[in-house]
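# Geometric and topological summary
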Amino acid sequence: MATLDLKGIRKSFGKLEVIRDIDLAVNDGELVVFVGPSGCGKSTMLRMIAGLETATQGEIHIGGQRVDHLPPADRGIAMVFQSYALYPHKDVRGNLGFALKHAKVDPAEINRRVNIASDILGLSEMMERKPRELSGGQRQRVAIGRAIVREPDVFLFDEPLSNLDAALRVHMRVEILKLHQRIGNTMIYVTHDQVEAMTLADRIVVFRDGNIEQVGTPLELYRQPANAFVAGFIGSPAMNFLVAEVSGGQVRVADRTLCTSSAPDGPAKLGLRPEHLELDDNGPLEGKVSVFEHLGGESFVHLTLADEQTLVAKLDGAHEFVPGATCRLAIAPEQCHVFDADDQRITTRAISGEAA
Amino acid sequence: MIMRERISSAGIHAVLLAYSALALFPLALIVINSLKSKRAIFGSPLAIPDAESFSAEGYASVLTNSDFPLYFSNSLIVTGVSLVLILLLGAMAAHALSEYRFPGDAFIGIYLILGIMVPIRLGTVALLELIVDMGLANTLTALILVYTAQGLPIAIFIFTEFLRSVSREIKDSARIDGLSEYRIFFEVVVPLVRPVIATVAVFSMIPIWNDLWFPLILSPGEETRTVTLGVQQFIGQYTVNWGAVLAALSVAILPVLVMYMIFSKQLIRGITAGAVKG
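Predicted model, so just to flag it, every value in this text is computed and none were measured.

### So, the overall build of chain A
Looking only at helices and strands, one finds 8 helices and 22 strands in chain A. Buried positions account for 41% of the 356 residues belonging to chain A. The contacts in chain A between residues at least 6 apart in sequence include a share of 63% that link residues at least 24 apart.

Have a look at this one:
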């Protein structure tokens, strides 16, 4: 149970700066997800919190105590790795108890904690097995159990589900969520999968090139992305971006107004989520169907607009299109996201003028 | 299809069998002839010993009329201690090279491995001077030091390659569990690379056990002779006690054989580990 504060963290490998001045405060009991494309610095940040890398500059505080000069074992953290990192020559019980045994904890206490962890994770049946005799999901459970046994202040997860197959990933995601609800510890979870980020997080931190792009709850990030990068990263399928023209507060694509904006006249970037587009015979967006994907309950239409821009719309399963057909789409003005030349968000207003 | 696979598998086995026969032939010849009388050795060298030609006089003279047990224990000590040092120092150096980044790490890595290309015997004169200056001439320590130096480059080379393949996350995980760097090496890394250790052990042991050169030059004294050197006493200028020579060599094969049997399972895993990543 602890807060985590990162203050002015920088990290360079030689001349390459991978983390540039990160400030972040994580509340007690919060599950914060670091998300971003590979190479964005999220894993490096996590390894610095763990103490596996030293920050070039800045301070790390856990539970109000400065920890960046402490070795990993004294920071009150436990980490779960992508490759599980179990000790192959020890059985499940040996893996779970190893850290405590090393810390010379009383054997009865080790037993008690190992049993609690194995109960929580349903490992009781396989305590005498070696890691190679376990499935991927079981191994990851042992890895999580090993973290629980240490009773840390902060749990660190480094892409823990990336090595599992799709079905198991969904299952383990729910398990981690349940675990968080049950033990309520502060958790930092690193992933490149925005679905994991959306479903697990109390708050999401979006990284790019060693910077934090935006911090917020999943819905804040979805509804009000601070810039085009966050907008494109959060949500699946990804947001469509169209080149638009702003004149007199009107945001226009192919001479049809989609929404209004306080943006100055000139070119702008218009972001439209596929799920917000809907069929409309008088819609402003008209294009030819290039690909049509039907998933049963829903379908995806890939359109090529008259000016060669492409667009994906998510429709319900009732519609069917053949490639080459014409399709007209509309979107509610309040669902439009307008970004300026630097990809920063510009506040939009509804076309009807009902908003101030 | 099955027929073709069978034929190719039979072909492979034929080649392997032929090679095994070729490799085992000299060994068999030594063991067979060590059990024959001197006359039989020369009369019919390829014959299996029978009631008439059988003679254990070679073994008798080796075990009773010489200091063979002393030579044998000298060889065991030199080989054993050198091997422990090679494995320990080699694995630790390789761990440092593969795990840590420090200034000059690439240079040190190349420096340590360079010895593979330079035969240590080229430096015999310098080594002899050095050993004499240190007052280590005619000691087993001299041999142990030289053999350790001789075995380290290839050991470090093999270990570095394999230790690089040990998952970084396991070591990180041990760090978070609070293990010191030494305990990470001994408790986490070493158990993971046991097959490689066995491989390096066997490959390092054989040249040391078989070496005649350095015992002859550095430690020719009566007290410090190794088996290979001790056998020379049966080879006189005018007469050679072949029975004793062959008996001594037969006995000398045993430790290598025992060692190989102990490590063979690990060894095969070590050799194939790179090829079929299991």
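### Let's talk about the domain arrangement of chain B
All names here are of chain B. By the assigned domains, chain B splits into domain 1 (1-50) and domain 2 (56-273). Put simply, the middle of domain 1 and the middle of domain 2, counted by C-alpha atoms, are 29 Å apart. Contacts between the two partners involve 9 residues from domain 1 and, on the opposite side, 10 residues from domain 2. Tallying contributions element by element places helix α1 (residues 2-34) first for the side of domain 1 that touches domain 2, with 5 residues. Residue composition of the side of domain 1 that touches domain 2, grouped by class: 5 nonpolar, 3 polar and 1 charged.

### Here we look at the pairing of strand β18 (residues 310-316) of chain A
All names here are of chain A. On β18, burial follows the alternation: L311, A313 and L315 on one face are buried, whereas T310, V312, K314 and D316 on the facing-out side are not. As paired strands, strand β17 (residues 298-305) and β18 are joined by 7 bridges and run antiparallel to one another. Among the inter-strand pairings, T304 is bridged to a residue of β18, identified as T310. Hairpin connection, β17 to β18: the antiparallel pair is bridged by 4 residues, and E308 has positive phi, about 75 degrees.

### Examining the domain arrangement of chain A
Residues and elements named next belong to chain A. Along its sequence, chain A is carved into domain 1 (4-229) and domain 2 (237-349). Between domain 1 and domain 2, the residue contacts involve 5 residues of the former and 8 residues of the latter. Residue classes in the side of domain 1 that touches domain 2 are distributed as 4 nonpolar, 1 polar and no charged.

### So, the sheet that holds strand β4 (residues 57-62) of chain A
Residues and elements named next belong to chain A. Across the sheet, which stays open at both edges, the 4 strands sit in the order β2-β1-β4-β5 with antiparallel pairing between neighbours. One side of each edge strand has no neighbouring strand; the edge strands of this open sheet are β2 (16-26) and β5 (65-66). Alignment of strand β1 (residues 4-13) against β4, held across 5 bridges, turns out to be antiparallel. Looking across to β4, one finds that R10 is bridged to Q57.

### Focus on helix α7 (residues 140-164) of chain B
Residue and element names in this part refer to chain B. Compared with an ideal rise of 1.5 Å per residue, which puts 25 residues at 36 Å, α7 spans 35 Å between its outermost C-alpha atoms and is within 8% of the ideal. The largest bend in α7 comes to about 35 degrees, at L152, with the proline P153 one to four residues further on. With 18 of 25 residues buried, α7 is to be regarded as a mostly interior element.

### Digging into unusual backbone geometry
Residues and elements named next belong to chain A. Here the residue pair S236 and P237 is connected by a cis peptide bond, since its omega of -5 degrees sits within 30 degrees of zero. Mapped onto the fold, P237 is located in the loop between α8 (228-233) and β11 (240-247). Phi at D255 is positive, roughly 65 degrees, even though this residue is not glycine. On the secondary structure map, D255 appears in the loop between β12 (250-253) and β13 (256-261). Residue D255 is classed as exposed on the basis of its 8 C-beta neighbours within 10 Å. Even without a glycine there, the phi angle at D343 is positive, about 70 degrees. If you trace the backbone, D343 turns up in the loop between β20 (337-339) and β21 (345-346). A tally of 17 C-beta atoms within 10 Å means that D343 is categorised as partly exposed.

Conventions we followed
All residue numbers here refer to positions counted from 1 along the written sequence of the relevant chain. Each chain takes a letter, starting from A, and each ligand takes a number, starting from 1, following the order in which they are written. Only residues with pLDDT of at least 70 get local features here, since the model is predicted, and only at 80 or more are side-chain atom pairs given and counted; chain-wide, interface and lining totals rely on the full set of residues. Strands are runs of DSSP state E lasting at least 2 residues, helices are runs of H or I lasting at least 4, and numbering of each runs from the N terminus. The burial label depends on the number of other C-beta atoms within 10 Å of a residue's C-beta. Counts of 20 or more mean buried, 12 or fewer mean exposed, and intermediate counts mean partly exposed, with C-beta atoms placed from the backbone. Think of it this way: build a C-beta for each residue from its backbone, and any pair within 7 Å is a contact. Domain start and end points were adopted from an automatic or database domain assignment. Under the scheme applied, nonpolar residues are Ala, Val, Leu, Ile, Met, Phe, Trp, Tyr, Cys and Pro; charged residues are Asp, Glu, Lys and Arg; polar residues are all the others, including Gly. Pairing between two strands requires that DSSP report at least two bridges joining them. By this rule the span expected of a helix is its residue count minus one, scaled by 1.5 Å. Fitting axes to the seven residues ending at a residue and to the seven starting there, one defines the bend at that residue as the angle between these axes.

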